[in-house]
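Examining the three-dimensional arrangement
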Amino acid sequence: QGLLYFGNPSEHGRRANYSIHSSSDGGWTWKSVSDVWGGGAAYSDLGFTRNGEVAFVFERGPNDRDPYVWLSFGKVPGKVVGAQSNPRAVVVEH
């Protein structure tokens, strides 16, 4: 079975702390891959670069009440094969 990836504002009850997670068991359990942005975060999407790195685009803002200010793109450096490590994501500013 392959890996699934999921990105979301992962702070419970707030639109904040955009993080990327992976699952190796079909989505039953999720492990953190990278904490991307600690401020306000909203809609997002994931994909892959030609090199196999996880790429992401997401709306972000200064806080959870205003998470729709900027649109940002970035990638998690290196091929993400599992969730054993927590590499620092590189965010390209808006």
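Residues numbered from 1 in each chain as written. Predicted model: local features only at pLDDT ≥ 70, side-chain atom pairs only at ≥ 80, totals over all residues. Heavy atoms only, no water.

**Quick word on the overall build of the protein chain**
Filter applied, for reference: A run of H or I in DSSP counts as a helix once it spans at least four residues, and a run of E counts as a strand once it spans at least two, with each numbered from the N terminus. The classification of residues rests on relative accessible area computed with a 1.4 Å probe and restricted to protein chains. Under 20% of the type maximum is buried, over 50% is exposed, and intermediate values are partly exposed. Contacts were defined at the residue level, with two residues in contact if any of their heavy atoms lie within 4.5 Å.
For the protein chain, the helix and strand inventory stands at zero helices and six strands. Each helix and strand of the protein chain, ordered N terminal to C terminal, gives the series β-β-β-β-β-β. Counting the 94 residues in the protein chain, one finds 35% classified as buried. Here the analysis covers contacts within the protein chain between residues at least 6 apart in sequence; of these, 37% occur between residues at least 24 apart.

**Let's talk about the environment of glutamate 11**
The condition that has to hold: Pairs of N or O atoms within 3.5 Å make up the polar contacts considered here, provided that, within protein, one atom can donate a hydrogen while the other can accept it, and that residues adjacent in sequence are counted only when both atoms are side-chain atoms.
Checked against the element boundaries, glutamate 11 lands in the loop between strand S1 (4-9) and strand S2 (16-23). Sequence separation between glutamate 11 and alanine 41 is 30 residues; the distance between their C-alpha atoms is 9.8 Å. Those residues in contact with glutamate 11 that lie beyond four places of it in its chain are Ala16 and Asn17. Among the polar contacts listed, one links the side chain of glutamate 11 to the side chain of arginine 14, at a separation of 2.3 Å.

**What about the packing of aromatic side chains?**
Definition in use: Pairing of aromatic rings covers Phe, Tyr and Trp, the last counted by its six-membered ring, and requires centre-to-centre distances within 6.5 Å; plane angles under 30 degrees mean stacked, over 60 mean edge-to-face, and any other angle means tilted.
Inspection of every chain in the model, using the stated rule, returns five aromatic pairs. Seen in terms of ring centroids, tyrosine 18 and phenylalanine 56 are 6.1 Å apart; in terms of plane orientation they differ by 50°. Their pairing is tilted. Highlighted residues: tyrosine 18 in strand S2 and phenylalanine 56 in strand S4 (residues 54-61), separated in sequence by 38 residues. Residue tyrosine 18 shares its accessibility class with phenylalanine 56, and that shared class is buried. Aromatic side chains tyrosine 18 and phenylalanine 58 sit 4.5 Å apart centroid to centroid with 5° between the ring planes, which places their arrangement in the stacked category. Placement of the pair is tyrosine 18 in strand S2 and phenylalanine 58 in strand S4, with a sequence separation of 40 residues. For phenylalanine 58, a relative accessible area of 0% puts it in the buried group.

**A closer look at a nonpolar patch on the surface**
Note the cut-off: Patches were defined on residues exceeding 30% relative accessible area and lacking a salt bridge, with like-charge contacts within 9 Å and nonpolar side-chain contacts (Val, Leu, Ile, Met, Phe, Trp, Tyr) within 5 Å. To measure how exposed things are, a 1.4 Å probe is used in the Shrake-Rupley method; for residues, cover is taken only from the protein chains shown. By definition, a salt bridge exists where a carboxyl oxygen of Asp or Glu is found within 4 Å of a side-chain nitrogen of Lys or Arg.
Together, Leu4, Phe6 and Trp30 make up a nonpolar patch on the protein surface, roughly 280 Å² of accessible area in all. Its location among the elements puts leucine 4 in strand S1.

**A short note on unusual backbone geometry**
One non-glycine residue, asparagine 17, adopts positive backbone phi at about 65°. Topologically, asparagine 17 is positioned in strand S2.

**Some remarks on the nonpolar core**
Soluble globular proteins tend to pack their nonpolar side chains together in the buried interior. Where we set the bar: Note on terminology: a nonpolar core comprises buried Ala, Val, Leu, Ile, Met, Phe, Trp, Tyr and Cys residues joined through side-chain atoms within 4.5 Å.
Counting residues in hydrophobic clusters, the biggest one holds ten residues: Tyr5, Tyr18, Ile20, Val33, Val36, Ala41, Val54, Phe56, Phe58 and Val76. Counting residues per element, the ones that place at least two in this core are S2, strand S3 (31-48) and S4.

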